[in-house]
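# Structural features, examined
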Amino acid sequence: MTMSASDLDVLVPQSQIVELAGQRLAISPLVLGELPAMLKAVQPFAQRLADEPDWLALLSDHGDALLTGLAIASRQPREWVDALALDDAITLAATVFEVNADFFVRRIAPKVGDLAQRLNGRLAGLTPSPA
């Protein structure tokens, strides 16, 4: 079985170059040391990271956490991310998501959903039943 370049891209996500706010950035997959801060940042909205997230809704509902996550993933200061024009911020979010899709979609969102189900089950067991 031979692997094509696209097969390899799925197994080993590639960096993407974007030009934002006059800067050329190489957005590459997250590394181990970035995961704790990124997990903390995306936890409030991890379940909403589907194949095509609604970035404006996420910004509206979880703006601070989303901007922190973008700063971590782009390896830029939070102040730089905060100063981006809206179209640049959406481009950055989409690029970060695409480069790290495996991390977000296959690893984070399902685990958050599983945890929520387990907690709901435990909480249901603690709720007194009506007499």
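This write-up is about the structure you can find in this document. (Residues numbered from 1 in each chain as written. Predicted model: local features only at pLDDT ≥ 70, side-chain atom pairs only at ≥ 80, totals over all residues. Heavy atoms only, no water.)

## A short note on the nonpolar core
Within soluble globular proteins, side chains that are nonpolar tend to cluster in buried spots. The following threshold applies: Each nonpolar core is a collection of buried residues, namely Ala, Val, Leu, Ile, Met, Phe, Trp, Tyr and Cys, held together in the definition by side-chain atoms within 4.5 Å. Think of it in three bands: with a 1.4 Å probe and only protein chains considered, a residue is buried below 20% of the maximum accessible area for its type, exposed above 50%, and partly exposed in between. Counting from the N terminus, the helices are the DSSP runs of H or I reaching at least four residues and the strands are the DSSP runs of E reaching at least two. Note on contacts: a residue pair is in contact if any heavy atoms of the two residues lie within 4.5 Å.
Counting residues in each nonpolar core, the largest one holds 30 residues, and the members touching the most others are Met38, Leu70, Leu92 and Phe104. If you list the elements that add at least two residues to this core, you get β1 (16-20), β2 (23-27), α2 (35-42), α3 (55-74), α4 (78-82), α5 (86-99) and α6 (101-126). Counting residues per element, this core draws most heavily on α3, which supplies nine residues. For Leu70, the contacting residues outside a window of four places in its chain are Val81, Ala89, Leu92, Ala93 and Val96.

## Here's the deal with unusual backbone geometry
Excluding glycine, a negative phi dihedral is what most residues carry, and trans is how most peptide bonds are arranged. Here Ala21, not a glycine, exhibits a phi torsion of approximately 50°, which is positive. Looking at the secondary structure, you find Ala21 in the loop between β1 and β2. Of note, Arg75 is a non-glycine position whose phi angle comes to about 60°, a positive value. Its location among the elements puts Arg75 in the loop between α3 and α4.

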